[in-house]
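Working through the structure, step by step
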Amino acid sequence: MKHQIVIEIFSEGLKKLAVSDLSLLQFETPNNPEHGDLSTNIAMKLAKQLKKKPLDIANELIQILSFDSRQIHSIKAINPGFINIKFTKQYFLDCFKELAQKGTEIGRLNIGKNKKVNIEFLSANPTGLLHLGHGRNAAIGDTIANILQWCGYQVTREYYFNNAGNQMNNLAKSIYARHRQLLGEQDFPFPEDGYFGDYIKDIAQNIIEKHKDRFKENTAENLNEIRKIGEKYCFDKIIATSKHLGVHHDVYFNEDSLYSSGETQDTIKALKEKGLIYEKDGASWLSYTKLGMKEDRVIIKSSGEPTYRLPDIAYHLNKLKRGFDIIIDVLGSDHIASAPDVIRAVEALAYDSSKIKILFYQFVTLTEAGEQVKMSKRSGKSYTLDELLEEVGADVVRFFLLMRASTTHLEFDLALAKEQSEKNPVFYLQYAHARICSILANAQEKGMEIDSKPDYSNLQTKEELALIKEILNFEDKIELAASKLETNIVTEYLRNLAALFHQFYHNCRIIDADAQLFQARINLALTTKNILFNGLKILGISAPEKM
RNA sequence: GCGCCAGUAGCUCAGUUGGACAGAGCAUCAGCCUUCUAAGCUGAGGGCCACAGGUUCGAAUCCUGUCUGGCGUACCA
């Protein structure tokens, strides 16, 4: 809650103290409830400037504040200079009443003001199947997109891929080798740095079933056909897995289009015009030292092929030219070092790099009963994302991937994920939702009508009030999640909300309360349900009505 | 070596951008179902916030150094 009235009261008071700079004025919710509902440290911050003791300033300030005692119960100054504000119960009830009226639209914001956001995530090349690391990328990207949409941004979800180059040739060679092996030459050599996963054998098997030995000859043409088949197989699987995880993209952007459109050429040209390109050892170098960085980097290899930097820079220019106000890249921590290469180059070409935000996430480790499970693509002994989704379900996978801050390593506990019981945190939220649905169904069955404008002053218990206060925080939490691009703010909030609901449920009867109280409580439950539903929807997790 | 991220209860993690006695889940122990879903609730124990300095009214949070783990340090992407 923004508590606008408090800001106004204090702004007035500070003016009377001849303090004009209001930027220091901040409020926070104390973690100790004895310190009230809201507190400010403004007196401490003004101490130096006014050359007075903080507590004296605080006392002076609260003397001249004027406020409505129907809304504010008390404003007190306390050692060493905090000012604590306590609202009346009526104030919270009024705020709640207003918020509850939003119904199923509760929590929706318009801070985005239709600004255009491009969020690029997943972006796995079609050389293999997705694993848990991709899952974290996809879950974060999709959920951040949901949050921003919910906040009124116009969001485009983009997938950037490369279906040319070394990696793809490697895929083709790997499939080719397996297919020769399957055709009877068991000792046909497998490329040393090839893809060892079982899916390569599946692709080879498919080829033989469909085409027999048509591609047996080791020709460039056949290898190209095999490459195409492999690419399609991988892409189909990737998209199917994404869908299973509840993830979709609006735009699939092929790196190759940057070459055919001439954008990579334009980029090189522009960099040359800025005097940032020079030749050395047969390669073209980008002079990052001129841009304040430590080392220059190759941008076109001596073979004539560009390094990843060129298309990456061109791609970001492309996104900027498409008119997005905010461009978000969701990247694994292994890209941290190379990201500035793109940013600096974009700046050098006089584009606004502040529009680009890079969301890095740390790696995922998969553990089972304390033991780490390998999931590398190369070893072949990997746990694919698909297998995981099959085994524990999309809701659990998504929740586990979203419940940690992106800056921390995520430990995915397979044993806990498999647990279909109260130990599993995702069920806790869903259970609260299902419980409320059940109460609503019972009330309906008994023919009880719900009055959407009840008298909330019937709500008296501490459980009711605690639940109401947390409900009032929903919009702030969504806004915070949107500004920090962190999904765990939402999961944490919903967990806490669910806990407060369960406590309310245990201490306050709803259906057998008397008529007035029933109306107030059923509306409180209904509003909680709306938030749980919207929150879970933002997370891309189902909100079951029965469990 | 250098850069980035992390180090908080036995385990997994929060910690409101510097606030007032450091929180939650799991695990452990003790309670609560003839009443709207017990996938729930109540209570207990468990901490030198890696370590050492510094900045200030005030530090888990900011600065410096040390230690530990992860990632990176390409004419791979």
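Residues numbered from 1 in each chain as written. Chains lettered and ligands numbered in written order. Predicted model: local features only at pLDDT ≥ 70, side-chain atom pairs only at ≥ 80, totals over all residues. Heavy atoms only, no water.

**Section: the overall build of chain A**
In terms of helices and strands, chain A carries 20 helices and 15 strands. Counting across all 547 residues of chain A, residues that qualify as buried make up 52%. For chain A, contacts bridging at least 24 residues in sequence account for 72% of all contacts bridging at least 6. (Helix = DSSP H or I, 4+ residues; strand = E, 2+ residues; numbered from the N terminus. Buried < 20%, exposed > 50% of the residue type's maximum accessible area, 1.4 Å probe, protein only. Contact = heavy atoms within 4.5 Å.)

**Quick look at the sheet that holds strand 12 (residues 356–361)**
Strand order in this open sheet of five strands is 7-6-5-11-12, and the pairing throughout is parallel. Edge positions in the sheet fall to strand 7 (251–254) and strand 12, since each of these pairs with one other strand and no more. Pairs of neighbouring strands in the sheet enclose a mean axial angle of 25°, with direction left out of account. In this structure, strand 6 (residues 154–161) lies alongside strand 7, joined through four bridges in parallel fashion. Residue pairing for strand 7: Tyr160 is matched across the bridge by Phe253. In the packing of helix 5 (residues 132–150) onto the sheet, contacts are made with strand 5 (116–120), strand 6, strand 11 (326–332) and strand 12, and the angle to strand 6 comes to roughly 160°. (Pairing = 2+ DSSP bridges. Axes fitted to C-alpha atoms, helices over the stretch in contact; angles between N-to-C directions.)

**Brief notes about the sheet that holds strand 1 (residues 27–28)**
Paired through their backbone hydrogen bonds, the strands of a sheet run either parallel or antiparallel. Taken in spatial order, the four strands line up as 1-2-4-3 in an open sheet, and their pairing is antiparallel. Where the open sheet ends on each side, the last strands, each with one partner, are strand 1 and strand 3 (72–78). Relative to strand 4 (residues 82–87), strand 3 runs antiparallel, the two being bridged by six bridges. Bridged to Ala77 within strand 4 is Ile83. Across the sheet, helix 1 (residues 4–16) lies against strand 1, strand 2 (38–40), strand 3 and strand 4, angled at about 135° from strand 4, the strand it touches most.

**Quick look at the pattern of salt bridges**
On inspection of all chains with the given rule, the structure shows 25 salt bridges. Here Asp236 and Lys232 are joined by a salt bridge, their closest N and O atoms 2.6 Å apart. Of this pair, Asp236 and Lys232 both sit in helix 8 (residues 220–244), four residues apart, which is roughly one turn of the helix. Looking at Lys232, the relative accessible area reads 52%, which means it is exposed. A salt bridge links Glu305 to Lys301; its shortest N-O distance comes to 3.5 Å. Look at Glu305 and you get partly exposed, because its relative accessible area is 43%. In this structure Lys301 comes out as partly exposed when scored by relative accessible area, which is 33%. Salt bridges sharing partners connect three or more residues here, namely Lys2, Asp476 and Glu479. (Salt bridge = Lys/Arg side-chain N within 4 Å of Asp/Glu carboxyl O.)

**Remarks on the pairing of strand 8 (residues 277–280)**
Alignment of strand 8 against strand 9 (residues 283–286), held across four bridges, turns out to be antiparallel. Bridge assignment links Glu279 to a residue of strand 9, and that residue is Ser284. Hairpin connection between strand 8 and strand 9: a loop of two residues separates the two successive antiparallel strands, and Asp281 in this loop has a positive phi of roughly 50°.

**Some details on the protein's contact with RNA strand B**
The environment of RNA strand B is formed by 58 residues, the closest being Asn32, Lys301, Tyr431, Arg435 and Asn442. For RNA strand B, the fraction of protein-proximal atoms (within 4 Å) that sit in sugar or phosphate groups is 61%. With respect to RNA strand B, the side chain of His506 contributes an N or O atom lying 2.8 Å from a sugar or linking oxygen. Measuring from a base oxygen of RNA strand B, one finds a backbone N or O atom of Glu545 at 3.4 Å. (Near = heavy atom within 4 Å. Polar contact = N/O pair within 3.5 Å; in protein donor to acceptor, adjacent residues only side chain to side chain.)

**Let's talk about the packing of helix 2 (residues 42–50) against helix 3 (residues 54–64)**
Where helix 2 meets helix 3, the axes come as close as 8 Å, and the angle between the chain directions of the two elements is 110°. Taken as axis vectors, helix 2 and helix 3 run roughly perpendicular relative to one another. The two elements helix 2 and helix 3 meet at a crossing, and its hand is right-handed. Contacts between helix 2 and helix 3 pair Ile42, Ala43, Met44, Leu46, Ala47 and Leu50 from the former with Pro54, Ile57, Ala58 and Leu61 from the latter. Considered class by class, the residues forming the contact of helix 2 with helix 3 number 10 nonpolar, no polar and no charged. (Parallel < 35°, antiparallel > 145°, perpendicular 65-115°, else oblique. Left-handed = near helix turned anticlockwise from the far one by under 90°. Nonpolar A, V, L, I, M, F, W, Y, C, P; charged D, E, K, R; others polar.)

**Points about the environment of Asp187**
Secondary-structure assignment places Asp187 in the loop between helix 6 (166–182) and helix 7 (198–211). Along the backbone, Asp187 and Ala270 are 83 residues apart, and their C-alpha atoms lie at a distance of 51 Å.

**Quick look at the nonpolar core**
Residues Phe10, Ile328 and Phe412 are the most contacted members of the largest nonpolar core, which totals 123 residues. For this core, the element with the most residues is helix 20 (residues 515–539), which contributes 11 residues. The contacts of Ile328, once residues within four sequence positions are left out, are Val117, Asn118, Ile119, Glu120, Leu148, Lys357, Leu359 and Leu485. One finds Ile277, Leu286, Leu320 and Ile327 within the second-largest nonpolar core, a separate group that totals 20 residues. (Core = buried A, V, L, I, M, F, W, Y, C linked by side-chain atoms within 4.5 Å.)

**Structural notes on the domain arrangement of chain A**
In terms of domains, chain A is made up of domain 1 (4–87) and domain 2 (166–244). Each of domain 1 and domain 2 has a C-alpha centre, and these two points are 69 Å apart. (Domains from an automatic or database assignment.)

**Topic: the packing of aromatic side chains**
Using the criterion set out here, one finds 20 aromatic pairs in the structure. Joined through ring pairs, the aromatic side chains of Tyr159, Phe161, Phe235 and Tyr252 make up one cluster. A cation sits over an aromatic face here: Arg178 above Phe190, 3.9 Å from the ring centre. The ring of Tyr428 has Arg495 sitting right over it, with the charged end atom 5.0 Å from the ring centre. (Phe/Tyr/Trp six-rings, centres within 6.5 Å; stacked < 30°, edge-to-face > 60°. Lys NZ or Arg CZ within 6 Å of the ring centre and 35° of its normal.)

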